[in-house]
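Descriptive analysis of the structure
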Amino acid sequence: MVDSIGVLLVDDHPLVRAGFHRLLQADGRINIVAEANNGQEAFDLFRQFTPDLVIMDLSMPTDTSDPEATTNINGGLDAIRRIISHDSSARVLVLTVMESDPFPSHVLNAGAKGYLTKRCAPEELLEAVVTIHGGGTYISDVIQAKLGANADDEASPVRALTKRELQIFTYLADGQSVTQVAEAMFLSPKTVHAHRTNILRKLKASNNSELVHLAIRHGIVQA
């Protein structure tokens, strides 16, 4: 008998997580070994269980032990990077509502092996799990089409941001001050301020309020 595929399921919405749990567990090839609702739990449980595959939302808190923790893409991206840094052979499939670049590009650059949207059919999710477990990669046709369409899309200025700038942009759009961002990212306030200047220039924004509007428009933070 072939061993089942051990999956760590990560999503900060319990009802959503329960639905995917039932879907995946109903497939005889898959076994949910653990569930997490934030980035820190995902990393801790990955080290504890060493699952064959991590299915992870992108937008979630980094650590819900902090009641003031905000929900944004840094929660998922940070968890992916930490997991891959801990185990370079880790297989991560991102399952998210975010379809437009720069999210897929940053996720794949972080080391994830797949990218699906939550609008995908159940059969496609199962196909992605099996494909990635077998050593392949899986990017939905919807995402591949958007990546191709956005290659020459100058209407998406967020794509011009570097990985570090995107992280800082997300924190700033969540209302964090330069000092708070510096503490969260273990950087000096001077460094964060320099990145903020570059972000404003690239996004043609003049203040944090405009950054918030851009972030909401591109789905980086929730209104």
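Here the structure is shown first, and the text comes after it.
Structural notes, computed from the coordinates. (Residues numbered from 1 in each chain as written. Predicted model: local features only at pLDDT ≥ 70, side-chain atom pairs only at ≥ 80, totals over all residues. Heavy atoms only, no water.)

**Focus: helix 10 (residues 208-217)**
To keep it simple, the criterion reads: Each residue is placed in one exposure class: buried if its accessible area under a 1.4 Å probe, protein chains only, is under 20% of its type's maximum, exposed if it is over 50%, and partly exposed if it falls in between. Elements are defined by DSSP. Helices are runs of H or I of four residues or more, strands are runs of E of two residues or more, and each kind is numbered from the N terminus. The arc in question is the one spanned by the directions pointing from the helix axis to the C-beta atoms. Working rule for contacts: check all heavy atoms of both residues, and any pair within 4.5 Å makes them a contact. Pairs of N or O atoms are called polar contacts if they sit within 3.5 Å, as long as, within protein, a hydrogen donor faces a hydrogen acceptor (for residues adjacent in sequence, only side-chain-to-side-chain pairs).
By the burial criterion, the buried members of helix 10 are Leu211, Leu214 and Ala215. For helix 10, the angular spread of buried residues about the axis comes to 100 degrees, placing them on one side. For helix 10, exposure combined with an orientation more than 90 degrees from the buried face picks out His213 and Arg217. Packing partners of the buried residues in helix 10 comprise helix 7 (163-173) and helix 9 (189-202). Sitting at the head of helix 10, Asn207 places a side-chain oxygen 3.1 Å from the backbone nitrogen of Ser209.

**Some remarks on the sheet that holds strand 3 (residues 53-56)**
We apply this condition: Here the rule is simple: two strands pair whenever DSSP picks up at least two bridges between them.
What the 6 strands build is an open sheet, ordered 2-1-3-4-5-6; its pairing is parallel. Two strands lie at the open edges of the sheet, namely strand 2 (30-36) and strand 6 (138-139), each paired on one side alone. Pairing between strand 1 (residues 5-10) and strand 3: 4 bridges, direction parallel. Within strand 3, the position partnered with Leu8 by the bridge is Val54.

**A few points about the nonpolar core**
This is how the line gets drawn: We call a set of buried Ala, Val, Leu, Ile, Met, Phe, Trp, Tyr and Cys residues a nonpolar core when their side-chain atoms join them within 4.5 Å.
Membership of the largest hydrophobic core comes to 27 residues, with the highest contact counts inside it found for Val10, Met56, Leu58, Ile80, Val107 and Tyr115. Of all the secondary structure elements, the ones that give two or more residues to this core are strand 1, strand 2, helix 2 (39-49), strand 3, helix 3 (73-86), strand 4 (92-96) and helix 4 (103-109). Here this core gets 5 residues from one element, more than from any other, and that element is helix 3. Those residues within four positions of Val10 in sequence are excluded, and the remaining contacts are Ala36, Asn38, Ala42, Val54, Ile55, Met56, Asp57 and Met60.

**Focus on the packing of helix 7 against helix 8 (residues 178-185)**
Convention followed: Axis lines are fitted to C-alpha atoms, over the contacting stretch for helices. Their N-to-C directions set the angle, which ranges from 0 to 180 degrees. For this classification, under 35 degrees means roughly parallel, over 145 means roughly antiparallel, 65 to 115 means roughly perpendicular, and everything else is oblique. We call a crossing left-handed when the near helix sits turned anticlockwise from the far one by less than a right angle, and right-handed when that turn is clockwise. Note on residue classes: Ala, Val, Leu, Ile, Met, Phe, Trp, Tyr, Cys and Pro are nonpolar, Asp, Glu, Lys and Arg are charged, and everything else, Gly too, is polar.
Between helix 7 and helix 8, the shortest axis-to-axis distance is 10 Å and the interhelical angle comes to 130 degrees. If you check the angle between helix 7 and helix 8, you find them oblique. Of the two elements, helix 7 crosses helix 8, and the hand of that crossing is right-handed. From helix 7, Arg164, Gln167, Ile168, Tyr171 and Leu172 reach across to helix 8, where they touch Val181, Ala184 and Met185. Taken together, the residues of the contact of helix 7 with helix 8 break down into 6 nonpolar, 1 polar and 1 charged.

**A short note on unusual backbone geometry**
The phi dihedral of Thr50 is positive, around 45 degrees, even though this residue is not glycine. Tracing the backbone through its elements, the reader meets Thr50 in the loop between helix 2 and strand 3. If you check the backbone angles, Lys204 has positive phi at about 55 degrees while not being a glycine. Inspection of the secondary structure puts Lys204 in the loop between helix 9 and helix 10. The exposure class of Lys204 is exposed, given its relative accessible area of 75%.

**Observations concerning the packing of helix 7 against helix 10**
Two packed helices can be described by the angle between their axes and the distance between those axes. The contact between helix 7 and helix 10 brings their axes to 9 Å, and the two run at 105 degrees. For the element pair helix 7 / helix 10, the angle class is roughly perpendicular. Touching Phe169, Leu172 and Ala173 of helix 7 are Asn208, Leu211, Val212, Leu214 and Ala215, all from helix 10. Each residue belonging to the contact of helix 7 with helix 10 can be placed in one class, and the counts come to 7 nonpolar, 1 polar and no charged.

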